[in-house]
Structure formats: C-alpha cells, structure tokens
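# Structural characterization, general
Now for the letters of each chain:
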Amino acid sequence: MATLIVRRGQGRDTNMPLFIVALLLIAVSSAEVARTEEAAAARQYDIGAYYYPAWHVDALSEKLHGKNWTEWELVKAAKPRWPGHSMPKVPLWGYEMDDDPAVFAKKIDAAAENGVDVFLFDWYWHQGNGPYLSRGLEEGFLKASNNHKVKFALMWANQPLLDIMPAKHAFRGQTVEVFNGTTDMPTFKQVADHIVTTYFSHPSYYRVRSCPYLSFYQVITLLDSFHNNVTETLSALDYIVQTTKAQGIAQCVHFNGIDTWMRRNPHAASLIQQLHFSSLTSYTWFHNTATFNAFPVTSYDHATQVNAAYWDNANKTYPIRYIPNVSASWDPSPRTCQTDVFDHSGYPFGPTFSSTPTQWKTALEQVKSFMDRTCDPDWCMLTINAWNEWSESAYLEPDTKDQYARLNAIRDVFGAS
C-alpha cells in the first residue's frame, strides 16, 4: 500500500496511508464549504434600488414642457423603433403620481414583500434652481404611513440637467444644459443643511455601521465645484459630517461614489482615497462600454458576463469597498424624438439590452455568489438599476407583460425584507 511520509518538526517520520490523507482533506474541504454556506445563510443582504422621482408635476418641468407635464408623457408616446422592439412599456399600476402617499405606500409594500430594502433616491438640487423632482420623496415616501418597512438614502445626482425630453437626433450626445451640476460653497452648505436636517434625522434613513449613507453621482463634478482642489472638497464633505455630529444624528457619514469617472481617470483611485470616501458602486451597466457588442440589441447574457467580470476587477483594483450593481434592462429610446431616425449616435440614441425573468434571476444568482465571496461579514450591499426608470426601460415595478416577475426573482434569490 502506498504511504505518505509526514515530518512533524524534529520528531520521527510518520507513515500515513494516502487514502487517510485524502479523507482528511475531503473532511477539511467539506467543513470549509459548510462554514461558507452557513455564513451565506446568516448574512444580511442590503438590496438597494435606484428610485427615479420624475413621476409627479414639478414647476421646472412645467416651465420646460407645459402645465402638468411629467415624464409619463414620454413613456406613453414611445413607439417600436426596429422590428420586434417591444414598446411602449405599460406600468401595471397605471401612470400614477408618486407624490401621493397612498401611491407610495403601494411601492413600499411591494419592495418590502420582495426583498428590496432601500430606495436610493436620485436627488436633484441645482444651483440657481434649488430642489428638483423632490416631491416623490418629501410628499410621497416621507408621508406614507408604512415608510418604516424599508429604508431610503440619497444619491445626489449632481450632474448637468439636460434638455432631452425628448432628444432630437441633432442632439447627438452634445450637452444642452439647463443647469450644470456644480455648486459653490454657500449653496453646498445650504444643501448639506437640508440633507442632514430633513433626511439623515429620519428613522428610516439607511445607515452603514451607524453612518448615514450619501452617494454622489459625479465625484468629478463635486471636485469641479471646488476648483478641483482636494482640500476645499474635503472641507465641504467635512461640513456634512460636522453638521451630522452637531445635530446628534451620528458621528460619521458613509460617502459613496458612482464609479463612472473611475473607469477613465488615471488619478481616480488616489483621489477617492484622499476624499475619504467609504465605498464605490455603479449606477447602470450602460456606463460600462464593454456591455454592448451589437446594435440595436445586445444580448442580456453577454451584458451579464461582461459586468460580472467587472465586479471581480473592481473588487481587486479599487482601493475601497466596491458594491456590485445589476441592471434589469436598458432602453432609453422613449427619450428620443419618436419621428427621428434611431441610430447609434450617442445617448439616448444607441444600443439596448433587456432581460427575460429567467435571465434576470440568473443574473441575481450570479451577483449573490459574488457577494458571498467578497462581502464584509457585517455589511453586504447590492445596487439595482432601477426601481422605476421607465423612460430608460429599467424598472422593477410591475408592467403589463411580466407583472411582478422581476420583483419576485429578488425575493426568491435573496429573501423578503
């Protein structure tokens, strides 16, 4: 019988049959697998879905488009732009206004019942205009009687506000700004005071290790606001932290950045550390240019494969925690002029992808496996694009075609809230 000679320190040689060694290795491996499975079963997953709050009347929207205009008009007017194109998307709940607390209560119940833990509100405040599309949060969510069932947090969409509702072909990706995304220090402090007082203080505001979570859509624009000076930008961020402390809310703030700029700025990794950000995530798979390999439709399987590789790369190369993102679909053609040629000429003209319920569930299973391998023991978060980006065809809310299938898949993979 073959034996393995094992040497233990200065002691004598011990002959151990190979089959016993194999059994021991199998036992150790099985124990590791069991511990991993037990940890995954006990893990708390924080599932955050981006909430796009364009579904109510806003004074600036009326100024740009006319009385009582909302982005639902684009969704209703959408037409098929190529053979087999499924348009328009029709919400199962109808074209409801999200500044109604009863309407929002229905969204909260659907989220809680299907494992969505956090609404990550796209939040707008432009210098020269003030808050924009804020009533969905302040009149809808915050006044809903059941808002204790899920958490909420802000993703400050500090980006230029573009006049693309709808975009003409001549737009071709060029900036047509209504307001830019920068703020001076007095405006920043005004915004910070509102964020801390109105939102951080709310019992349903989402926290990471006791720190309120605040995300910035464009970190590069945050820097631009303060002349690309890291010290000035740090001073602005510290104002949020000190205001949070002064009001007795928390001793810290968890700053998160959307990683779009990280992909193309060679100094991004150093800057994000200097700014004391705690984590990075993505907003949509659209921002990963490798997602698309065909026009007008890229397969969802290809999009999933490319972005799963990106999760691994980001986890290995980013200097701070990377939160993975999954995107249910992408098709901003409702934001284009429906009588213009639809070609590959720049957002919102360009390639798309969409998932079947089965493909969506597979993507969720894949990201859960990644999270189980890489998450911290005490915090494990996922971001999803999106709860209700109807005009970009990225939504979890039920439609008349698949109804609750996308929401049910989250519950089936991650469990209910």
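Residues numbered from 1 in each chain as written. Predicted model: local features only at pLDDT ≥ 70, side-chain atom pairs only at ≥ 80, totals over all residues. Heavy atoms only, no water.

## Considerations on the nonpolar core
- Counting residues in hydrophobic clusters, the biggest one holds 125 residues, and the most contacted among them are F119, F141, L214, F277, W360, W387 and F414.
- Those residues in contact with W360 that sit more than four places away from it in its chain are Y300, V326, S327, A328, S355, I384, L396, R406, A409 and I410. (Core = buried A, V, L, I, M, F, W, Y, C linked by side-chain atoms within 4.5 Å. Buried < 20%, exposed > 50% of the residue type's maximum accessible area, 1.4 Å probe, protein only. Contact = heavy atoms within 4.5 Å.)

## What to know about the packing of helix α6 (residues 185-200) against helix α8 (residues 230-246)
- Two numbers describe how α6 lies on α8: the axes approach to 9 Å, and their chain directions differ by 30°. Taken together, the axes of α6 and α8 are roughly parallel relative to one another. In the packing of α6 onto α8, the handedness of the crossing is right-handed. Across the interface between the two elements, M185, F188, K189, A192, D193, V196 and F200 of α6 pack against E232, S235, A236, L237, Y239, I240, T243 and T244 of α8.
- Here the residues of the contact of α6 with α8 sort into nine nonpolar, three polar and three charged. (Axes fitted to C-alpha atoms, helices over the stretch in contact; angles between N-to-C directions. Helix = DSSP H or I, 4+ residues; strand = E, 2+ residues; numbered from the N terminus. Parallel < 35°, antiparallel > 145°, perpendicular 65-115°, else oblique. Left-handed = near helix turned anticlockwise from the far one by under 90°. Nonpolar A, V, L, I, M, F, W, Y, C, P; charged D, E, K, R; others polar.)

## A short note on the environment of S134
- Structurally, the position occupied by S134 is in the loop between β5 (130-132) and α5 (135-141).
- Among the residues examined, S134 registers a relative accessible area of 16% and is labelled buried.
- For the pair formed by S134 and F121, sequence separation is 13 residues and the distance between their alpha carbons is 9.4 Å.

## Section: the confidence of the model for the protein chain
- Of all residues in the protein chain, 88% attain a pLDDT of 70 or more, and the chain-wide mean is 90.
- Counting interchain partners and residues more than four positions distant, the pLDDT-below-50 stretch residues 1-14 has 22 contacts.
- This model gives residues 31-36 a pLDDT under 50, and the stretch forms zero contacts once residues within four places in sequence are excluded. (pLDDT = per-residue confidence, 0-100.)

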